[in-house]
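# Chains, contacts and geometry: an overview
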Amino acid sequence: MPDIKVTPLGAGQDVGRSCILVSIGGKNIMLDCGMHMGYNDDRRFPDFSYITQNGRLTEFLDCVIISHFHLDHCGALPYMSEMVGYDGPIYMTHPTKAICPILLEDFRKITVDKKGETNFFTSQMIKDCMKKVVPLNLHQTVQVDEELEIKAYYAGHVLGAAMVQIKVGSESVVYTGDYNMTPDRHLGAAWIDKCRPDLLISESTYATTIRDSKRCRERDFLKKVHETVERGGKVLIPVFALGRAQELCILLETFWERMNLKAPIYFSTGLTEKANHYYKLFITWTNQKIRKTFVQRNMFEFKHIKAFDRSYADNPGPMVVFATPGMLHAGQSLLIFKKWAGNEKNMVIMPGYCVQGTVGHKILNGQKKLEMEGRATLDVKLQVEYMSFSAHADAKGIMQLIRMAEPRNMLLVHGEAKKMEFLKDKIEQEFSISCYMPANGETTSIVTNPSVPVDISLNLLKREMALGGPLPDAKRPRTMHGTLIMKDNSLRLVSPEQALKELGLSEHQLRFTCRVQLHDPHSDNDTLGRIYTHLKSVLKTYSIQHVPDGTVIVESIVIKVTSSAEEPNLKVILLSWSYQTADSTATKKKKIQL
Amino acid sequence: MDISSDESDDWFIESLNTYKDLHVFQLEHPTKVIEWTGDKNICVAGYTGSRSEILELLLPLKLYAGENQGLCAERDFKVQHGGFSEEPIESLIHISGTRCVVTSGSSSSTLQIWDIGGDDSDVIKRTGVINLKSTSVKGCKIAPGLTDEPAVLHGSCISEVQLTEIATGRVLYTVAKESSDSVSGLQFVNACVFLICASDGTLFMGDTRDPSTCHYPLEDSKSGLHWAFGLRSDSSQSEPSGCTVARLSSSGHMLLSDLRNLQSPFCQTQLNVQHDASKNDFLNVSWAPVLDRCLSVSGKKCSSPQPVFSHRGHEMSDEAKYSGSPPVVTTHSWHQSRPKTILSVATDGSLHVWDWVDKITDR
């Protein structure tokens, strides 16, 4: 039976990383190649031994597709392509291609330079890996090879995030990566057409949650900033240059305007150039509606937000500063943090995940004393706030996506089966489809029922209709007789005669013959006549003819009587019948009779 | 918070000062019930459409993080258990000390008994039914018994009120009152004493040790009004004396009575409410469990007297903007230990968790 096989790599209930293998129509595809951020050793890499025990992956994979730039989806890519070995194409959207290497390099620096690890990819490896990338545009079908094609869809979530449709012949799979179904101020909601894939693969990390509204998260952000500024404190917001910084800036600007606030807001210069780069990427990526909102305001001509100079960090009084890098692991944001950490009136707002080993990660874990260079300790007295703004689909979102795409089967990865039975029941009952939830390392086979479309000739159709019987019904198949012609890329069903005509062949007629001997003193003609009379009396329902040329014809069976001159009483009855009637009961009956 | 000023935006900006915490969620289907099943868990259930979901939700952990609230990014509800009911659910109660929940619906003549489930499965399973004498469109009113053996007090009209043991289906007590008045609410005060409030505002008090029931009709009862009631009991459950009953009519008449003297309310007031006969279903009055002498009302818009606080969040939601009529709050529930935290749900499926700022005491 044709099937699609899916194996999420990883072990047990591991949720930290995405790396899924799909086998469809003889092709092998790797979906995402994430790093597990919770481990410090080789467990953070996906276990590629599932694909092959030794050696390179190139011949085993037709392509690799990366959904977006988050490290738990692309963090192991350079390791896979350069250290394990893969030279085939790696597909991702343009923004992902632009942002990935920056994130990977940052991550590499933290892991190798700060933590001194050795089994890790190098800067050169990141560059070499990115050379293998083939960028994707939204809604554009890309032929990976003659049989395999892929298409990217908008996923929301972060800049450049895509859901991907993979198609081989009439079988297809859609992988969602991370997505969100509620529109976001600057990213919009995921969208896909009713492509009816055989299988829809989705993450289930947030499947059993009901998400707090974006507005409330924004409200909390403004509230914290406002409270700190009101009491004369300083707010540090470490950001990743190519992420949500712009969104948060617009939010603050609007708020400052409305509340007529005077405290200064600064944006570090390192961010401005990168931000313009981000802006350009972003504008070509988003849809018309969102683009219009952003074109109305030039990204960095804010009334209340000014460029930062490092000397400002020592100014007295309240202020808000956006600075890079986002995890407080180096650079300007760390410098400012060191200056402000000792004052409890101040606040640091971390807008995202921080990798282990960074100051960001430590303070988010409640650490109050940090060891700095030269054995100096830093007391963390300022308020630490963790605010997550990333948009994910919850239970309702998954149902909406299924309604949109209409898959024939559903597969959820990274969920604990016993904690997802209700969702599975819900999906199965509402959509009458099967829902699979494999554990990591487990392979699921989904049987597909690919339909093969065939053009049928009008004549053949008419002939079939003329035979009567029930009308064609998808649920009650009818056997029919015809010839299938596979030419170029088309499949046609025509009558045998037409097929022969097209092929320039003539039809062969096969006839079987058999000789029966019997003794009869009469003449040949008389013998034949007796046979004729006899047959007429026993085979009443059949058409029997006695033709003057000396043959008796029963339907398609021809009977002749001959004898030799030497033995006139030894009659040889020649029976001949066509191939078509060879198996009919009538023929058998007649044979027996004779 | 767009650049264009919207009433909704104004409200959100205002909320920075008026609310301590504000969380806004959107359920897939609206609910008429919020029932606590644990310190941090509630059950909600759908009432629209023939197949309804019952969900047990874990409240956002951020609410419980205390001093470490800043470090906790968990702001979402988690669906811990879920199940399907074949009918829209009008009422849902939890039997304290168990994982058992009883529901009544608008179409069947039975009460459904469910096991909300433990750690090994997330499916809420039906474990039995209790047969009722009749079907009521508004659903049979139900209340948990307060004895050790799980039981449920139920009835849609006064004469049909009875106490049934859940495990066996045995009828433990029947109200011997020949009244066809419909029940608006009922509740046990302690293990034996219970109160029933009829739709016309009449109170009935019964004791499972005593076959007779006393009734206390209103002094001047106007027809066409619907009454809701809320019971506040003293933390020490032994004597019913510390119990206050609040009754609220659909025209805004509020009565407070002490259980020792149900005949004459000790306090009366008139709230200025929108009189809309069609919206009586969601009239709800509750006592704050921690705050002293504090009552909350939902389901009706009240303009005076000036309340301590008015939550307009449901009207101001994004969903409300696009629909024709503003959503109506179907029910609300006080948090069991946090003094000023309330959960409220509305007809558009919104679920809010909020903690208001008391301008006098909190500043």
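Let me begin by describing the structure that accompanies this report. Only a predicted model underlies this, so the values are computations on that prediction, with no experimental measurement involved. (Residues numbered from 1 in each chain as written. Chains lettered and ligands numbered in written order. Predicted model: local features only at pLDDT ≥ 70, side-chain atom pairs only at ≥ 80, totals over all residues. Heavy atoms only, no water.)

## Observations concerning the side chain of D122 of chain B
Its place among the elements puts D122 of chain B in the loop between strand 8 (110-115) and strand 9 (125-131). Buried and unpaired, D122 of chain B has no salt bridge, with K125 of chain B as the nearest side chain of opposite charge at 7.9 Å. Reaching out from D122 of chain B, the side chain makes a polar contact with the backbone nitrogen of E421 of chain A at a distance of 2.9 Å. Here F422 of chain A takes part through its backbone nitrogen, which lies 3.0 Å from a polar atom of the side chain of D122 of chain B. Sequence-distant contacts of D122 of chain B, that is, excluding residues within four places in its chain, are made with K418, K419, M420, E421, F422 and L423 of chain A together with Q80, H81 and G82 of chain B. (Helix = DSSP H or I, 4+ residues; strand = E, 2+ residues; numbered from the N terminus. Buried < 20%, exposed > 50% of the residue type's maximum accessible area, 1.4 Å probe, protein only. Lys, Arg positive; Asp, Glu negative; His and termini not counted. Salt bridge = Lys/Arg side-chain N within 4 Å of Asp/Glu carboxyl O. Polar contact = N/O pair within 3.5 Å; in protein donor to acceptor, adjacent residues only side chain to side chain. Contact = heavy atoms within 4.5 Å.)

## Examining the packing of helix 5 (residues 214-230) of chain A against helix 1 (residues 7-18) of chain B
Relative placement of two packed helices is described by the angle separating their axes and the distance separating the axes. Contact geometry of helix 5 of chain A with helix 1 of chain B gives a least axis separation of 9 Å together with a crossing angle of 45°. Taken together, the axes of helix 5 of chain A and helix 1 of chain B lie oblique to each other. Relative to helix 1 of chain B, helix 5 of chain A is oriented so that their crossing is right-handed. Here R215, C216, R219, L222, K223 and H226 of chain A of helix 5 of chain A come into contact with helix 1 of chain B, specifically with S8, D9, F12, S15 and L16 of chain B. Taken together, the residues of the contact of helix 5 of chain A with helix 1 of chain B sort by class into four nonpolar, three polar and four charged. (Axes fitted to C-alpha atoms, helices over the stretch in contact; angles between N-to-C directions. Parallel < 35°, antiparallel > 145°, perpendicular 65-115°, else oblique. Left-handed = near helix turned anticlockwise from the far one by under 90°. Nonpolar A, V, L, I, M, F, W, Y, C, P; charged D, E, K, R; others polar.)

## Considerations on the sheet that holds strand 27 (residues 341-346) of chain B
Residue and element names in this part refer to chain B. The antiparallel open sheet is built from four strands, whose spatial order is 1-28-27-26. Of all the strands in the sheet, the pair left with one neighbour each is strand 1 (19-26) and strand 26 (329-334). Going from strand to strand, the sheet's axes swing by 15° on average, the running direction of each strand aside. Pairing of strand 27 with strand 28 (residues 350-356), which is carried by five bridges, proceeds in the antiparallel orientation. Paired with I342 across the strands is W354, a residue of strand 28. (Pairing = 2+ DSSP bridges.)

## Thoughts on the environment of Y312 of chain A
Residues and elements named next belong to chain A. Looking at the element boundaries, Y312 is found in the loop between strand 15 (305-308) and strand 16 (319-323). Y312 sits 24 residues away from I336 along the chain, and the two C-alpha atoms are 9.8 Å apart. Y312 has contacts with Y266, A307 and M319, leaving out every residue within four places of it along the chain.

## Things to note about the sheet that holds strand 21 (residues 409-413) of chain A
Residue and element names in this part refer to chain A. Judged by pairing direction, the sheet is mixed, and its seven strands sit side by side in the order 7-8-9-10-11-21-22 without closing on themselves. At either margin of the open sheet sits one strand with a lone partner, and together these are strand 7 (141-143) and strand 22 (434-436). Averaged over all neighbouring strand pairs, the angle between strand axes comes to 20°, with direction disregarded. Taken together, the seven bridges between strand 8 (residues 148-154) and strand 9 (residues 162-168) define a ladder with antiparallel strand orientation. For I150, the partnering residue across the bridge sits in strand 9 and is I166. The sheet strands contacting helix 11 (residues 395-405) are strand 9, strand 11 (199-203) and strand 21, and the helix crosses strand 11 at an angle near 160°.

## Overview of the pairing of strand 19 (residues 244-249) of chain B
Residue and element names in this part refer to chain B. For strand 19, the buried fraction is high: six of the six residues fall into the buried class. Residues T244, A246 and L248 line one face of strand 19 and the alternating positions V245, R247 and S249 line the opposite face, and both faces are buried. Inspection of the sheet shows strand 18 (residues 227-232) paired to strand 19 by six bridges, in the antiparallel sense. Counted as the bridge partner of G230 is A246 from strand 19. Judged from the five bridges that link them, strand 19 and strand 20 (residues 253-258) form a sheet pairing that is antiparallel. Paired with A246 across the strands is L256, a residue of strand 20. Here strand 19 folds back onto strand 20 in antiparallel fashion, the turn holding three residues, of which G252 has a positive phi close to 95°.

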